[in-house]
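# Summary of structural features
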Amino acid sequence: MMLRMLRQSWRRNPRRKLLAVATVFLAASLLSALMLVSIGIGDQMAKEMKSYGANILLEPAEQAVLPSLFGEGEDNPLAGQSTLQESELPNIVDIFWRNNIVGFAPLLNGEVAVDGHSVRVIGTFFDHVLAVADDPEYRTGQKIVSPYWQVDGAWPDDARAEALAGVALAGRHGWTPGTLLTVDGEALRITGILRSGGEEEEALVAPLARVQGWLDRPGRVGSVRVSALSVPENDLSRRAIRDPDALDAETYDQWYCTAYVSSIAHQLEEAVSGSIARPIWQVAASEGAIIEKIQWLLIMATCAALIAAAMGIASLMTSALIERAKEIGLMKALGAHDWRIALLFYAEAALNSVVGAVLGCLAGWGLARAIGWQLFGEALAFSWIVVPSVLLVSLFIALAGTWFPARRIVRLDPAEVLYGRQ
Amino acid sequence: MSYYWASILSAFLPTTVLLAAHWAVRRPYGPWITLLSSAAALLAGIGLSFALPAGQFATLGLGIAQFVLLAGFLAWQFTTRREPFWQIALLAVAGVLWGRSPALASLTTIHVINTDFILNLASVVTAFAACLLLGWLLCLLLRELPRWRWLLLLGGGALQLVPLSGNILLSLMKLQALELTRARLSFAAKTIDLESAAAYGALLLVALLLAVAALRLAWPRRRAWQAAQALIARRIALAAYRQTRALLAGAALVVLAMVCAQGYWDAVASRPPALSAVTRVDMPPDNELRLTLAPLMDGNLHRFAWVADDGKVVRFFIINRLDDRVAPSVVLDACLLCGDKGYVQQGNQVVCVGCGVHMFKPSIGKPGGCNPVPVEHWRVEGEQIVIPKASLETGLQLFSTVLTIEVTDPVSGQKLTNTSAPHRYAYAGKTYFFADEAAFNAFRDEPEKYLPAAAQGDAP
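Residues numbered from 1 in each chain as written. Chains lettered and ligands numbered in written order. Predicted model: local features only at pLDDT ≥ 70, side-chain atom pairs only at ≥ 80, totals over all residues. Heavy atoms only, no water.

Chain B is annotated in an unreviewed UniProt entry as DUF2318 domain-containing protein of Pseudothauera nasutitermitis.

The name an unreviewed UniProt entry gives chain A is ABC transporter permease, with Pseudothauera nasutitermitis as the organism. You can read under Subcellular location (unreviewed entry) in the UniProt record for chain A the words "Cell membrane". Quoted straight from UniProt, the Sequence similarities (unreviewed entry) entry for chain A says "Belongs to the ABC-4 integral membrane protein family." (UniProt positions renumbered as here; feature names shortened; annotations may be inferred.)

Right under this line is the structure:
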């Protein structure tokens, strides 16, 4: 009976139903788009925080006074002015958490003249043998720290005059693996073309010792990238990031003796004099920062849309009630309970809202992709949790919108309505 | 997710049971008033938990306040006057206690809405809704069995008051207001331990009540319906029976869901990863353990256990450190920081069970940090790995597992077990057990006399 009445109601007045669906659809598409953007980035951030590996950047303390304003520090216009000592690098694998250090690679940036052009160079280790305290055969370098680097050709040998050319730089100058360049009066062979997805694609990446020679900064490095295995961040580590000195002795020990990124970074600072260490969060630092700032704006806009939609539903329902007053009166006269009649209207609103929400989710997905491209230059993944959330919220607005008009049902007197007095 | 269910159930179920019994004999307020005032009390309690300082005095004060409140609430049950105070006060106190647990802080790890946050929030809301539903159903049931509410009142009261008294005692001892004695400490430890069983206790009480209701309400109503002859009386009896049955089934469903959530958390989700299989090895007479190398070098963690002659179990594992060539490491299954919790292999990584830190596989075998303690002086001889007994003995102090084994009293020749022997004496690197003090003294004075010739040759 209930289903038949619902079907009848749809057939008799599809225009009003479509209007209700459209109201919910608009609010739901806005809601799902904003949720998809926020949740997509939130999930990536959570994944980053929960991961068991991290990259830490060690920089000279003076340079880090200008915080993450310049990205990872290599873009910093002051880079190269203050430096760390290369002789202190073995200390990195001498800290308490030395066994969690997967590897490290120093970086030294500068500009040199190559065949008459000024070219950016980065000095680093590729697969360098470095004598450390308990392992004279210790090897470290970009091969270990940056497993995502793709090299067309061969990796250079740290001891020879060989280098990698970034793909953008090589494309501009027409360099290929095997090209011989002249830098600072000596021959330099390009062994491979580097794709890293980062700024290295614009530079010539050469062994650290050569670059120190070209730039006349012997024994200095600009920064060090350290790759470490860690434990996911939690409440304790977040407190420690804010201020390690505020912890009491017991929690400080607990923090120091747990392989949080923050405690490894803290120990790296102690090991290399004059340095500041900070974890490099890829998402948290870029997209996460944007979302964190505009999140409240998103929530406010969504709330406004939801309230507007609920009011729209309420007015539609009110007019439906007035139009169907005689029908309600008849049902009452036949002995229907108030709650049964109210249920009919609630079910109708719920049905409309579910249809609107499903369509809204689809539209919101498209909208979120557009926002993702506009804001971050990449499409955001679809998170399934959005569908039940949007359904639930749409259902809530539909029911809330129906609640006010539905109270009129109780007040309707069948005799009056059936005579047309109200 | 089930963590939130578990934490909310242990914090709020006893209170739910008490309040259901409380309202069973009183005229209720309207649903909106009840819901809103309860939510406000809950939120106020949670908010207050942030404002309270963390010290020992605050804990003591809170404990005493809760104790007095509960005692007052139980005393109030002799009247049937309706009073909104108790519901608000009990919910607020439960809110304070829940807010002080680490549950709230772990709702989200970042400041952006994400899937975890929505799921956690959903489980918090559903857990509270389940408590509310159970309370309402219980209240409806108890209206028909008003005398049985004392079961819930006394049981629920005891579930909270007993651990509370232990907590108060412990706080008083910590503040040195009471002297620390063995009996008091033992009482506090045992009663506080009951706190973890609060949810199960409350669920057991509810299950008992449901059983009583089935016997006292549902069964007689079924019989009345079957016995009724007149058509109208029969239809009314059937309706009464069906209503009771629906009520009971609903409550039983909620209880079942709660048992599942709590049990899943306690038995599965909160457990640390289990150690993989251990191969027991025996020390050959020449005191050098030999294991075939090749099958151990498949990149997996191979765990072994050696039982020393005093019953102590020393676990160690062998793993290939490098993927591209054979580079074995022999290490004890314990670390200096986390003790003998051990290590497990998850995928291609080795993880410490104690602190969850992931090991850098090539570094296994080096000392320091969270790394497993290395076994010293092992060597590879041909196809075999050789581990001297002395190296494994250095691990004895790191492990606490003791296996019950049969030993012989060297003086009397009597057979006894290492765990039940009253006396023991370490001599020349071996532990001897004695059945009585006379044998112990005799051995201690002249050990050489009782040892077989071979063992004497080993002695320095």
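Moving on to the overall build of chain B. A tally of regular secondary structure across chain B gives 13 helices and 14 strands. The C-alpha radius of gyration of chain B comes to 31 Å, more than 25% above the 23 Å expected for a compact globule of 460 residues. With respect to the three principal axes, the spread of C-alpha positions in chain B is 95 × 60 × 60 Å. For chain B, with 460 residues in total, the buried portion stands at 43%. Put simply, of all contacts in chain B between residues at least 6 apart along the chain, 65% involve residues at least 24 apart. Total accessible area computed for chain B in this model is approximately 23,300 Å², and 64% of it derives from carbon and sulfur atoms. On chain B, the mean spot of the 38 positive side-chain charges and the mean spot of the 29 negative ones are 23 Å from each other. (Helix = DSSP H or I, 4+ residues; strand = E, 2+ residues; numbered from the N terminus. Rg over C-alpha atoms; globule rule 2.2 N^0.38 Å. Buried < 20%, exposed > 50% of the residue type's maximum accessible area, 1.4 Å probe, protein only. Contact = heavy atoms within 4.5 Å. Areas by Shrake-Rupley, 256 points an atom, 1.4 Å probe, with all protein chains shown as cover. Lys, Arg positive; Asp, Glu negative; His and termini not counted. Charge placed at Lys NZ, Arg CZ, Asp CG, Glu CD.)

Residue and element names in this part refer to chain A. In the numbering used here, UniProt assigns the feature "transmembrane region" (unreviewed entry) to residues 296-322, 343-368 and 380-404. A helix fraction of 100% and a strand fraction of 0% characterise residues 296-322, whose end C-alpha atoms lie 39 Å from each other. Secondary structure within residues 380-404 divides into 76% helix and 0% strand; the distance between the first and last C-alpha atoms comes to 39 Å.

Counted according to the given criterion, the structure contains 23 salt bridges over all chains. With a shortest N-O distance of 3.3 Å, R210 of chain A and E186 of chain A are connected by a salt bridge. Linking R210 of chain A in helix α5 (residues 208-215) with E186 of chain A in strand β10 (residues 186-195), this pair joins segments that are 24 residues apart in sequence. Note on R210 of chain A: relative accessible area 23%, which makes it partly exposed. The salt bridge partner of E288 of chain B is R379 of chain B, with a shortest N-O separation of 2.8 Å. Here R379 of chain B lies in strand β9 (residues 379-381) and E288 of chain B lies in strand β2 (residues 288-292), a separation of 91 residues in the sequence. Members of the salt-bridge network, linked through shared partners, are K17, R324, E327 and E348 of chain A. (Salt bridge = Lys/Arg side-chain N within 4 Å of Asp/Glu carboxyl O.)

This paragraph deals with the packing of aromatic side chains. Under the definition given, this model contains 25 aromatic pairs over all chains. Ring pairing ties together the aromatic residues Y425, Y432, F434, F440 and F443 of chain B, which thus form one cluster. Sitting over the ring of W403 of chain A, R407 of chain A keeps its end group 4.8 Å from the ring centre. In this structure, R82 of chain B is placed above the aromatic ring of Y29 of chain B, and the distance from its NZ or CZ to the ring centre is 3.9 Å. (Phe/Tyr/Trp six-rings, centres within 6.5 Å; stacked < 30°, edge-to-face > 60°. Lys NZ or Arg CZ within 6 Å of the ring centre and 35° of its normal.)

Residues and elements named next belong to chain A. In terms of strand pairing, strand β7 (residues 150-153) meets β10 through four bridges, oriented antiparallel. Paired with D152 across the strands is I193, a residue of β10. When strand β9 (residues 180-183) meets β10, the two strands line up antiparallel, connected through four bridges. Bridged to L181 within β10 is L188. (Pairing = 2+ DSSP bridges.)

Before going further, it helps to examine helix α4 (residues 85-100) of chain B. End to end, α4 of chain B covers 23 Å across 16 residues, agreeing with the expected 22 Å (1.5 Å per residue, within 8%). Lining the buried residues of α4 of chain B we find α1 (2-23), α2 (31-51), α3 (56-76) and α5 (115-144) of chain B. (Expected span 1.5 Å × (residues − 1).)

Another point: the domain arrangement of chain A. Segmentation of chain A into domains returns domain 1 (2-46 + 288-418) and domain 2 (53-229). When each unit is reduced to the centre of its C-alpha atoms, the spacing between domain 1 of chain A and domain 2 of chain A is 56 Å. (Domains from an automatic or database assignment.)

Quick look at the sheet that holds strand β7 (residues 349-352) of chain B now. Reading across from one edge, β6-β7-β8 (chain B) is the order of the three strands in this open sheet, with antiparallel pairing throughout. Bordering the open sheet on either side are β6 (343-346) and β8 (358-359) of chain B, each of which pairs with just one other strand.

Residues and elements named next belong to chain A. Following both chains from N to C, one finds helix α10 (residues 287-323) and helix α12 (residues 338-376) inclined at 150°, their axes separated by 13 Å at the closest point. Here α10 lies roughly antiparallel to α12, going by the angle between them. For α10 against α12, the interelement crossing comes out right-handed. Of the residues in α12, those touching α10 at E287, I290, I291, M317 and L321 are F345, E348, A349 and F376. (Axes fitted to C-alpha atoms, helices over the stretch in contact; angles between N-to-C directions. Parallel < 35°, antiparallel > 145°, perpendicular 65-115°, else oblique. Left-handed = near helix turned anticlockwise from the far one by under 90°.)

Think of two packed helices as two axes; the pair is described by the angle between the axes and how far apart they sit. Residues and elements named next belong to chain A. Running from N to C, helix α7 (residues 249-256) and helix α8 (residues 261-271) cross one another at 90°; their axes reach a closest spacing of 8 Å. With respect to their mutual orientation, α7 and α8 come out roughly perpendicular. The segment α7 lies against α8, with Y252, W255 and Y256 engaging S262, S263, H266, Q267 and E270. Of the residues in the contact of α7 with α8, the class split is three nonpolar, four polar and one charged. (Nonpolar A, V, L, I, M, F, W, Y, C, P; charged D, E, K, R; others polar.)

Now for the UniProt feature "domain: ABC3 transporter permease C-terminal" (unreviewed entry) in chain A. What UniProt calls "domain: ABC3 transporter permease C-terminal" (unreviewed entry) maps, in this numbering, to residues 300-414 of chain A. Between the end C-alpha atoms of residues 300-414 of chain A there is a gap of 43 Å, over a span that is 86% helix and 0% strand.

Moving on to the confidence of the model for chain A. Of all residues in chain A, 93% have pLDDT values of 70 or greater, and the mean over the chain is 83. Per-element averaging of pLDDT across chain A places helix α9 (residues 282-285) of chain A at the bottom with 67 and strand β11 (residues 204-207) of chain A at the top with 92. (pLDDT = per-residue confidence, 0-100.)

For the rest of this paragraph, the subject is a nonpolar patch on the surface. Together, W403 and F404 of chain A together with W32, L35, L36 and L132 of chain B give the surface a local cluster of nonpolar side chains, amounting to about 680 Å² of exposed area. Those elements that provide at least two residues to the nonpolar patch are α13 (386-411) of chain A together with α2 of chain B. Per element, the largest residue contribution to the nonpolar patch is three residues, and it comes from α2 of chain B. Judged by relative accessible area, which is 58%, W32 of chain B ranks as exposed. (Patch = residues over 30% accessible without salt bridge, like charges linked within 9 Å, V, L, I, M, F, W, Y side chains within 5 Å.)

Residues and elements named next belong to chain B. The assigned domain composition of chain B is domain 1 (2-269), domain 2 (278-398) and domain 3 (406-458). Taken over C-alpha atoms, the centre of domain 2 sits 31 Å from the centre of domain 3. Opposite the four residues of domain 2 that make contact, domain 3 presents seven residues. Counting across the interface, domain 2 meets domain 3 through zero salt bridges. Partitioning the side of domain 2 that touches domain 3 into residue classes produces no nonpolar, one polar and three charged.

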